[in-house]
Amino acid sequence: ASAKIPIGQQPFATWSLCGGRTELAQAQAMEALVKRVQGQPDQTEAYCKAALALIEKEAKNVDDPVPLAMAVEFMGHFPVPAISLGAVPMLGGLIADKRVIFQGGVMSEPQSGPSWVTQIVKFSIGDMAARALWHITGCSFSDREVFAIWWKENQNYQERLWYWAI
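Values in this document were obtained by computation on a predicted structure and should not be read as measured data.

**Some points on the overall build of the protein chain**
Phase 1: Helix and strand content of the protein chain: 8 helices and 2 strands.
Phase 2: Considering the protein chain as a whole, with its 166 residues, one finds that 40% of them fall into the buried category.
Phase 3: Put simply, of all contacts in the protein chain between residues at least 6 apart along the chain, 60% involve residues at least 24 apart.
Phase 4: Carbon together with sulfur atoms contributes 55% to the accessible area of the protein chain, which is approximately 9800 Å² in total.

**Notes on the nonpolar core**
Phase 1: Membership of the largest hydrophobic core comes to 40 residues, with the highest contact counts inside it found for Ile55, Val72, Phe74, Met75, Leu91 and Phe147.
Phase 2: Elements with a minimum of two residues in this core: helix H1 (23–38), helix H2 (44–58), helix H3 (66–76), helix H4 (79–84), helix H5 (87–94), helix H6 (125–137), helix H7 (144–154) and helix H8 (161–164).
Phase 3: Ranked by residue count, the leading element in this core is H3, at 8 residues.
Phase 4: Contact partners of methionine 75, with chain neighbours within four places excluded, come to Cys48, Ala51, Leu52, Ile55, Ala82, Ala87 and Ile136.

**Concerning the packing of aromatic side chains**
Phase 1: This structure, assessed with the given rule, holds 7 aromatic pairs.
Phase 2: Measuring from centroid to centroid gives 6.1 Å for phenylalanine 147 and tryptophan 150, while their planes differ by 40°, and the two rings are tilted. Pair noted here: phenylalanine 147 and tryptophan 150 are both in helix H7, with a separation of 3 residues, about one helical turn.
Phase 3: Owing to a relative accessible area of 4%, phenylalanine 147 belongs among the buried residues under this scheme.
Phase 4: Note on tryptophan 150: relative accessible area 16%, which makes it buried.
Phase 5: Measuring from centroid to centroid gives 5.2 Å for tryptophan 150 and tryptophan 162, while their planes differ by 50°, and the two rings are tilted. Here tryptophan 150, found in helix H7, pairs with tryptophan 162, found in helix H8; they are 12 residues apart in sequence, far enough to count as distant. For the pair formed by tryptophan 150 and tryptophan 162, the shared burial category is buried.

**Looking at H7**
Residues spaced three or four apart along an α-helix face the same direction, because each turn holds 3.6 residues.
Phase 1: Three or more residues of H7 are buried, namely Phe147, Trp150, Trp151 and Asn154. Each buried residue of H7 lies within a common arc of 100° when the element is viewed along its axis, so the set occupies one face. Exposed and oriented more than 90 degrees from the buried face of H7 are Ile149 and Lys152.
Phase 2: Buried positions along H7 lie against H5, H6 and H8.
Phase 3: Sitting at the head of H7, aspartate 143 places a side-chain oxygen 3.1 Å from the backbone nitrogen of glutamate 145.

**Some thoughts on the side chain of asparagine 154**
Phase 1: For asparagine 154, the location among the structural elements is in helix H7.
Phase 2: By relative accessible area, which is 10% here, asparagine 154 ends up buried.
Phase 3: Not counting residues within four places of it along the chain, the set of residues in contact with asparagine 154 comprises Arg160 and Trp162.

The rules behind these values
Residues numbered from 1 in each chain as written. Predicted model: local features only at pLDDT ≥ 70, side-chain atom pairs only at ≥ 80, totals over all residues. Heavy atoms only, no water. Helix = DSSP H or I, 4+ residues; strand = E, 2+ residues; numbered from the N terminus. Buried < 20%, exposed > 50% of the residue type's maximum accessible area, 1.4 Å probe, protein only. Contact = heavy atoms within 4.5 Å. Areas by Shrake-Rupley, 256 points an atom, 1.4 Å probe, with all protein chains shown as cover. Core = buried A, V, L, I, M, F, W, Y, C linked by side-chain atoms within 4.5 Å. Phe/Tyr/Trp six-rings, centres within 6.5 Å; stacked < 30°, edge-to-face > 60°. Arc of directions from axis to C-beta. Polar contact = N/O pair within 3.5 Å; in protein donor to acceptor, adjacent residues only side chain to side chain.

This is the structure in structure tokens:
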């Protein structure tokens with residue numbers, strides 16, 4: 001169940017529903033928030049501005065990268081406001097952020113016997129920023145320097161095909 005949160009009163013309070021900080025609970029909270037915002041198109045920009053403010057505030061928070069990661073993920077769901085509000089270069093600057101926000105193991109599924117962890121998977125703030133940029137621009141960036149070169153040539157986004165394709 002999701003609590004009603006009046007517009008303008010911490011749009012990202014939905015994330016407090018993440019209880020025990022499990023990745024599943026966070027994913028469900030994000031999905032609920034995105035659906036809520038998509039259902040209120042007249043309020044989309046206000047939510048995106050709040051996410052952008054959260055990114056600016058949390059970018060240097062070394063104690064808890066989760067709010068930053070969630071704001072970055074949120075912006076990836078709303079490409080046009082992310083571009084018009086200036087989030088693209090901010091997200092590009094986060095590509096180098098190696099703080100881990102998710103770590104898990106890939107399990108083998110043998111036909112008999114116990115399962116084994118075959119690979120450890122880590123997902124960082126930088127990975128989340130690159131993923132958001134892919135959703136926003138349709139381009140994949142290997143690192144911050146590659147993004148900087150691309151952005152220098154593409155910051156006049158209204159003259160670029162990638163912008164009109166979103």
